[in-house]
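Secondary and tertiary structure notes
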Amino acid sequence: MRILVANDDGIGAPGIKALATALARENEVYVVAPDRERSAMGHALTLHRPLAAEPYALDPSLAGAWSTTGTPSDCVKLAVGAILPHPPDLIVSGINRGPNLGADVLYSGTVSASLEGVINGFPAVAFSLAAFTDRGYAQAAEFALSLVRQLQTRTLPPKFLLNVNIPALEGEPYAGVRVTKLGVRRYQDVFEQRTDPRGRTFYWLAGEAIEAGEDADSDVVAVRSNYVSITPIQYDMTHYPMLEPIKGWNLQLEAPVQA
Ligand code: MN
């Protein structure tokens, strides 16, 4: 299979090298990734300045690798629109440093890179390591390779991606694999308020995820119990149950529109 690999931690991050080189043992793998850390950028696109893309010596087993000045979504758009010699069969992103569970998927550059693939008509998978650690990428990459093998034998529907979170284990088996729904994963947002050397107040977002009150079949609970979590997700955010009730609201314009 021809696979495009992107990420949001930057092309120098350990997760993308582990993922790309594991997949390259059995596939034709291209990497197009940001030249620096671009986490929590969501689906940002660069419209008002040009993007640079330069070949990058990531690993000799790869069919090609480029680092770009763009966001994760830019990388995927650029790869399929301009850089790759042929369209990929699959787009994957990661392996992200840290989990992308519940509402994290809305902020995540890792998930957005995969979603960009889906928007462009490609099947896609986002891989995240469920801890902020340097351990566990090699084992997670082996799981990714086994999942990609499995995908080759399946017909996937359009507009669909897999969000995969993998426990950070090394030399120790995962508890298993669970197909999950997105949890809630709210954050207790804390803004540290400080004063800069010129006397101006500034704020720095900190805070911890609240992992209480999650459903047993959620991604959050699976990963907490050392299961690999696989959540099928889509980008249609339409709230279908409210379509009909809102049509019943009194939505006429107050005054006739002047011709
Ligand atoms: Mn990241």
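In what follows, the accompanying structure is described. On a predicted model such as this, the values are computed, not experimentally measured, just so you know. Each chain carries its own residue numbering, running from 1 in the direction its sequence is written. Only residues with pLDDT of at least 70 are given local features in this predicted model, and only at 80 or more are side-chain atom pairs given and counted; all residues enter the totals for whole chains, interfaces and linings. Water and hydrogen atoms play no part in the side-chain values, which are based on all heavy atoms of the structure.

Across its full length, the chain carries seven helices and 11 strands. Within these notes, the globule rule equals 2.2 Å times the number of residues to the 0.38 power, and the radius of gyration is based on C-alpha atoms. In terms of overall dimensions, the chain is globule-like: its C-alpha atoms have a radius of gyration of 20 Å, near the 18 Å expected for 259 residues. Across its three principal directions, the C-alpha atoms of the chain cover 65 × 55 × 45 Å. Buried means the residue's accessible area, taken with a 1.4 Å probe over protein chains only, is under 20% of the maximum for its type, while exposed means over 50%, and partly exposed covers the values in between. The proportion of buried residues among the 259 residues of the chain is 46%. Contacts were defined at the residue level, with two residues in contact if any of their heavy atoms lie within 4.5 Å. Long-range contacts, defined here as pairs at least 24 residues apart, represent 76% of the contacts in the chain between residues at least 6 apart. Here the chain displays about 13900 Å² of accessible surface, and carbon together with sulfur accounts for 55% of that area. Separation of charge centres in the chain, based on 21 positive and 28 negative side chains, amounts to 1 Å. A run of DSSP states H or I qualifies as a helix once it reaches four residues; a run of E qualifies as a strand once it reaches two. Both are numbered from the N-terminal end. Methods summary: accessible areas were calculated by the Shrake-Rupley approach with a probe of 1.4 Å, and residue burial reflects only the protein chains presented. In this tally, Lys and Arg are treated as positive and Asp and Glu as negative; His is ignored, and so are the chain termini. Here the site of a charge means NZ on Lys, CZ on Arg, CG on Asp, or CD on Glu.

On to the packing of aromatic side chains. Here a Phe, Tyr or Trp ring, Trp counted by its six-membered ring, pairs with any other such ring whose centre lies within 6.5 Å, and the pair is stacked when the planes are under 30 degrees apart, edge-to-face when over 60, and tilted otherwise. Using the criterion set out here, one finds one aromatic pair in the structure. Note on geometry: a ring has a charge over it if NZ (lysine) or CZ (arginine) is within 6 Å of the ring centre and within 35 degrees of the ring normal. Positioned above the aromatic ring of Tyr227, the side-chain terminus of Arg178 is 4.0 Å from the ring centre.

This part is about helix H5 (residues 137-152). For H5, built from 16 residues, the straight-helix expectation of 22 Å at 1.5 Å per residue is met to within 8% by its first-to-last C-alpha distance of 22 Å. Looking at H5, one finds that the buried residues are Tyr137, Gln139, Ala140, Ala141, Phe143, Ala144, Leu145, Leu147, Val148 and Leu151. A helix is expected to reach a length of 1.5 Å times the quantity of its residues less one.

Time to look at the environment of Ala24. Counting through the fold element by element, Ala24 comes out in helix H1 (residues 14-24). Not counting residues within four places of it along the chain, the set of residues in contact with Ala24 comprises Val29, Ser61 and Leu62.

This part takes up the pattern of salt bridges. The term salt bridge refers to a pairing of a side-chain nitrogen on Lys or Arg with a carboxyl oxygen on Asp or Glu at a separation within 4 Å. If you walk through the whole model with that rule in mind, you get 12 salt bridges. Arg2 is the partner of Glu28 in a salt bridge, and the nearest nitrogen-oxygen pair spans 3.3 Å. Of this pair, Glu28 sits in strand E2 (residues 28-34) while Arg2 sits in strand E1 (residues 2-6), and the two are 26 residues apart along the sequence. Notably, a salt bridge pairs Glu142 with Arg25, separated by 2.9 Å at the nearest N-O pair. A residue pair is termed long-range when its members are at least 10 positions apart, and Glu142 in helix H5 and Arg25 in the loop between H1 and E2 qualify at 117 residues. Taking relative accessible area as the criterion, Glu142 reaches 38% and is therefore assigned partly exposed. Through salt bridges that share partners, Lys181, Asp215 and Asp217 make up one connected network.

Moving on: the coordination of the manganese ion. Counted as donors are the N, O and S atoms within 2.8 Å of the metal, or 3.2 Å for Na, K and Ca, while water is not among the atoms, so some sites may look incomplete. Distances from the manganese ion to its protein donors, Asp8 (OD), Asp9 (OD), Ser39 (OG) and Asn96 (OD1), fall within 2.0 to 2.3 Å. All donors of the manganese ion come from a single chain, and their spacing in sequence reads D-D-x29-S-x56-N. Here Ser39, found in the loop between E2 and strand E3 (53-55), pairs with Asn96, found in strand E5 (residues 90-97); they are 57 residues apart in sequence, far enough to count as distant. Look at Ser39 and you get partly exposed, because its relative accessible area is 31%.

Working note: regular strand, side chains alternate between the two faces of the sheet. Burial analysis of E2 places six of its seven residues in the buried class, which makes it a mostly covered element. A pair of strands is considered paired only if DSSP assigns at least 2 bridges between the two. Across four bridges, the pairing between E1 and E2 is parallel. Each residue of the ladder has a partner; that of Leu4, found in E2, is Tyr30. The definition of a right-handed crossover adopted here requires that, viewed with the strands pointing away, the path from the first strand over the helix to the second runs clockwise. Between the parallel pair E1 and E2, the chain is carried across by H1, and the sense of this crossover is right-handed. Here E2 runs beside strand E4 (residues 64-68); their pairing, made up of five bridges, is parallel. Each residue of the ladder has a partner; that of Ala33, found in E4, is Ser67.

Further remarks concern the nonpolar core. Put simply, a nonpolar core is a bunch of buried Ala, Val, Leu, Ile, Met, Phe, Trp, Tyr and Cys residues held in one set by side-chain atoms that sit within 4.5 Å of each other. Core analysis: the largest hydrophobic core is formed by 39 residues, its most contacted members being Val5, Val31, Phe127 and Val164. Those elements giving two or more residues to this core turn out to be E1, H1, E2, E5, strand E6 (124-129), H5, strand E7 (161-166) and strand E11 (227-233). At nine residues, the largest contribution of residues to this core is made by H5. Sequence-distant contacts of Phe127, that is, excluding residues within four places in its chain, are made with Leu19, Val92, Ser93, Gly94, Ile95, Asn96, Thr110, Ala144, Leu147, Val164 and Ile166. In this structure, Ala79, Ile91, Val111 and Phe122 belong to the second largest nonpolar core, which totals 22 residues.

A word on the packing of H1 against H5. Axes here mean lines fitted to C-alpha atoms, for a helix over just the part in contact, with angles spanning 0 to 180 degrees between N-to-C directions. Where H1 meets H5, the axes come as close as 9 Å, and the angle between the chain directions of the two elements is 40°. On the basis of the axis angle, H1 is oblique to H5. Once H1 is placed against H5, the crossing between them reads as right-handed. Mapping the contact onto sequence places Pro14, Gly15, Ala18, Leu19, Ala22 and Leu23 in H1 and Tyr137, Ala141, Glu142, Ala144, Leu145 and Val148 in H5. Of the residues that constitute the contact of H1 with H5, the class distribution is 10 nonpolar, one polar and one charged. Any angle that falls under 35 degrees is termed roughly parallel, while one over 145 is termed roughly antiparallel, one within 65 to 115 roughly perpendicular, and all others oblique. Helix crossings are classified by the rotation of the near helix relative to the far one: an anticlockwise turn of less than a right angle makes the crossing left-handed, while a clockwise turn makes it right-handed. By the convention adopted, Pro, Cys, Tyr, Trp, Phe, Met, Ile, Leu, Val and Ala count as nonpolar, Lys, Arg, Asp and Glu as charged, and the other residues, Gly among them, as polar.

That is the geometry; function is a separate question.
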